[in-house]
Amino acid sequence: MDYSHYGGPFSPISIFLSFLGLGFLHLCGRFDSPPAMANRTDPAAKSIHGTNPQNLVEKILRSKIYQHTYWKEQCFGLTAETLVDKAMELDHLGGTFGGNRKPTPFMCLIMKMLQIQPEKDIVVEFIKNEEYKYVRILGAFYLRLTGIDTDVYQYLEPLYNDYRKLRRKLSDGNYCLTHVDEVIDELLTKDYSCDIAMPRIKKRWTLESLGTLEPRRSALEDDFEEEEEKEEDDQLMGELDNGGHEKDYYRGRSPGRERERDRKRDSHRYRDRDYERDYDRERGRGRERDRERDRDRDSYRERERERDRERERDRDRYRLRDDKEYGRDREREGRERERRDRDRGRRRSHSRSRSRSKDRKDRDREGGDHRKRHARSSTSPRRRADVPEDGTMREEPRKKKEKKEKKDDGTDHPDPEIAEANRLRASLGLKPLKL
């Protein structure tokens, strides 16, 4: 890029334009971060057990491996061919160690194999390699993670005959002594190895019963037969060297030697029979454990169903009780409402009757006063002269007064019950009810 127009390559404008161009390339996807590329699974890799091969390692351990210096410096850009050189440099195996749980180089190489997914032939060659024991363990560990059940038993069980020593790094950072056959037994029988959960595989007797795997033949049987033949040949050559028993040589083996050989063969046969008996007993125990596990699972499911049914019954019982209480509350509220309406109607009718009687009394009182005033104002002097001097009332006003007194006894009350009560009180000489 020509910076002469901007004042040289180190001018502020040139530096700003350079950063702007890098940002544009990053947004366009031209640049990718090296860690993302180094940790990505090979696009041509197949899924293992229905998932990404790298997911066979737990996420926490994966992140620790990605951040480790050995992974960034030694495992970057490795292929199936160059991985062998790094495997031959291994001097110990293990998972994680130390306070912050750092991964070992062995675990980093296992992660790299899961990432690039080498072919099965390369893994088998790793396992068959007798010169480098850690290369053999690396291939066996990878096959245990990714292989099928028959391949795992077929390629890992012959390693039981390898008794070479191995160094294993513990979680506290110290080393311990182990052997190849012990590591293979851990891979075949344990659920965890080197801080990684092993995928589930079927039992050997299950595969044998299905016919997918042949019964295991002990390697010691061939050794015993070879030793027997060697001893017989040595004895025969010794007799020939001594010059005795030539007739037995031409006739064949001596009866004593035959009996000894038969006795040894029988002992080996009995030993194999004991092994088969122990194997059958162990297989029977495994089947019995499976049956007990199934029975326990069925009983647990039955208990769960019974608990669910009990919960449903309790829920129905509570629902019925709530419905009954709700119905009682509704009936109680209805009765309370009716009583309040009845009391309100009574008070309303009582107040109406009192207001009517009060109005009637007021009208009667006003009417009487008006008639009195009218009578006083309308009397002529002549009629006034007719009034006696003693001040006695005429007969007519006296009748009206008596009528008024009769009306004040409360018998003319508009409420028939009150009027009846006042009549009874008047007959007894009591005062009327004042309402």
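Small disclaimer: the values here were computed from a predicted structure and weren't measured.

Colleague: Is there a simple way to explain the overall build of the protein in this structure?
Modeller: Counting secondary structure elements, the protein contains 17 helices and seven strands. Split into buried and exposed, the 435 residues of the protein put 25% on the buried side. Excluding contacts between residues fewer than 6 apart, the proportion of contacts in the protein whose partners are at least 24 apart in sequence is 59%. In the form shown here, the protein has an accessible surface area of approximately 31900 Å², with 50% of it arising from carbon and sulfur atoms.

Colleague: Is there a simple way to explain unusual backbone geometry in this structure?
Modeller: With a phi angle near 55°, Cys194 is a residue other than glycine that sits in the positive phi range. Mapped onto the fold, Cys194 is located in the loop between β6 (192-193) and β7 (196-197). Even without glycine at this site, Asp195 takes up a positive phi of about 65°. For Asp195, the position within the fold is in the loop between β6 and β7.

Colleague: Is there a simple way to explain a nonpolar patch on the surface in this structure?
Modeller: A grouping of Leu424, Leu428 and Leu430 is seen on the molecular surface, where their side chains present a nonpolar patch of about 320 Å² in accessible area. Along the polypeptide, Leu430 turns up in the segment after α17 (416-427).

Colleague: Just checking my understanding: could you explain a positive patch on the surface for this structure?
Modeller: A surface patch of positive charge is lined by Arg348, Arg352, Arg356, Arg360 and Arg363. Mapped onto the elements, Arg363 comes out in helix α14 (residues 255-378). Looking at Arg363, the relative accessible area reads 53%, which means it is exposed.

Colleague: Would you take a moment to explain the packing of helix α7 (residues 120-128) against helix α9 (residues 149-156) for this structure?
Modeller: Between two packed helices, both the angle of their axes relative to each other and the distance between the axes serve to describe the pair. Interhelical geometry of α7 versus α9 gives an angle of 30° and a closest axis separation of 11 Å. Relative to α9, α7 is oriented roughly parallel. The crossing of α7 and α9 is right-handed. Of α9, the residues touching α7 (which contributes Lys120, Val124 and Ile127) are Asp151, Tyr155 and Leu156. Looking at the contact of α7 with α9 residue by residue, the classes come out as four nonpolar, no polar and two charged.

Colleague: Even after reading the chapter, I still don't get α17, so can you show me in this structure?
Modeller: The end-to-end C-alpha separation of α17 is 17 Å, in line with the 16 Å expected for 12 residues at 1.5 Å each. Along α17, the residues that are buried comprise Ile418, Ala419 and Asn422. Burial along α17 is one-sided: seen end-on, the buried residues are contained in an arc of 100°. Opposite the packed face of α17, turned more than 90 degrees from it, sit the exposed residues Pro416, Glu417, Leu424 and Ser427.

Colleague: Could you clarify how one ought to interpret the side chain of His68 in this entry?
Modeller: Checked against the element boundaries, His68 lands in the loop between α3 (59-67) and α4 (69-74). Within the local environment of His68, its side chain forms a polar contact with the backbone nitrogen of Tyr70, the two atoms lying 3.1 Å apart. Apart from residues lying up to four places away in sequence, His68 is in contact with Lys102, Pro103 and Cys108.

Colleague: Got a minute to help me understand the packing of aromatic side chains in this structure?
Modeller: Within a pair of aromatic rings, the relevant descriptors are the distance that separates the centres and the angle that separates the planes. Enumeration over the complete set of coordinates arrives at two aromatic pairs. With a centroid separation of 5.7 Å and an interplanar angle of 85°, the aromatic rings of Phe106 and Phe141 are classed as edge-to-face. A residue pair is termed long-range when its members are at least 10 positions apart, and Phe106 in helix α6 (residues 105-116) and Phe141 in helix α8 (residues 133-146) qualify at 35 residues. The burial state of Phe106 is the same as that of Phe141; both residues are buried.

Colleague: Mind showing me how you'd approach α3 here?
Modeller: Each α-helix winds once per 3.6 residues, and so residues spaced three or four apart point in a common direction. Among all positions in α3, only Leu61, Arg62, Ile65 and Tyr66 are buried. In a view along the axis of α3, the buried residues occupy a sector of 140°, so they form one face of it. Among the exposed residues of α3, those pointing more than 90 degrees away from its buried face are Ile60 and Gln67. Elements that come into contact with the buried residues of α3 comprise α4, β2 (96-97), β3 (102-103), α6 and β7.

Colleague: What is the right way to look at the nonpolar core in this model?
Modeller: One broad rule of soluble globular proteins: the nonpolar side chains tend to lie buried together. Counting 50 residues, the largest nonpolar core has Phe106, Phe141, Leu156 and Ile184 as its most contacted members. Of all the elements in the fold, those that place two or more residues in this core are α3, α4, α5 (83-88), α6, α7, α8, α9 and α10 (180-189). In this structure, Leu156 is in contact with Ile127, Ala140, Leu143, Arg144, Asp151, Ile184, Leu187 and Leu188, ignoring residues within four places of it in sequence.

Colleague: So what exactly am I meant to see when it comes to the pairing of strand β5 (residues 175-179) here?
Modeller: For a regular strand, the rule is simple: side chains alternate between the two faces of the sheet. Judged from the five bridges that link them, strand β4 (residues 165-169) and β5 form a sheet pairing that is antiparallel. By the bridge assignment for β5, Lys165 is matched with His179. Here β4 folds back onto β5, and the loop between the two strands holds five residues, one of which, Gly173, carries a positive phi near 95°.

The rules behind these values
- Residues numbered from 1 in each chain as written.
- Predicted model: local features only at pLDDT ≥ 70, side-chain atom pairs only at ≥ 80, totals over all residues.
- Heavy atoms only, no water.
- Helix = DSSP H or I, 4+ residues; strand = E, 2+ residues; numbered from the N terminus.
- Buried < 20%, exposed > 50% of the residue type's maximum accessible area, 1.4 Å probe, protein only.
- Contact = heavy atoms within 4.5 Å.
- Areas by Shrake-Rupley, 256 points an atom, 1.4 Å probe, with all protein chains shown as cover.
- Patch = residues over 30% accessible without salt bridge, like charges linked within 9 Å, V, L, I, M, F, W, Y side chains within 5 Å.
- Salt bridge = Lys/Arg side-chain N within 4 Å of Asp/Glu carboxyl O.
- Lys, Arg positive; Asp, Glu negative; His and termini not counted.
- Charge placed at Lys NZ, Arg CZ, Asp CG, Glu CD.
- Axes fitted to C-alpha atoms, helices over the stretch in contact; angles between N-to-C directions.
- Parallel < 35°, antiparallel > 145°, perpendicular 65-115°, else oblique.
- Left-handed = near helix turned anticlockwise from the far one by under 90°.
- Nonpolar A, V, L, I, M, F, W, Y, C, P; charged D, E, K, R; others polar.
- Expected span 1.5 Å × (residues − 1).
- Arc of directions from axis to C-beta.
- Polar contact = N/O pair within 3.5 Å; in protein donor to acceptor, adjacent residues only side chain to side chain.
- Phe/Tyr/Trp six-rings, centres within 6.5 Å; stacked < 30°, edge-to-face > 60°.
- Core = buried A, V, L, I, M, F, W, Y, C linked by side-chain atoms within 4.5 Å.
- Pairing = 2+ DSSP bridges.

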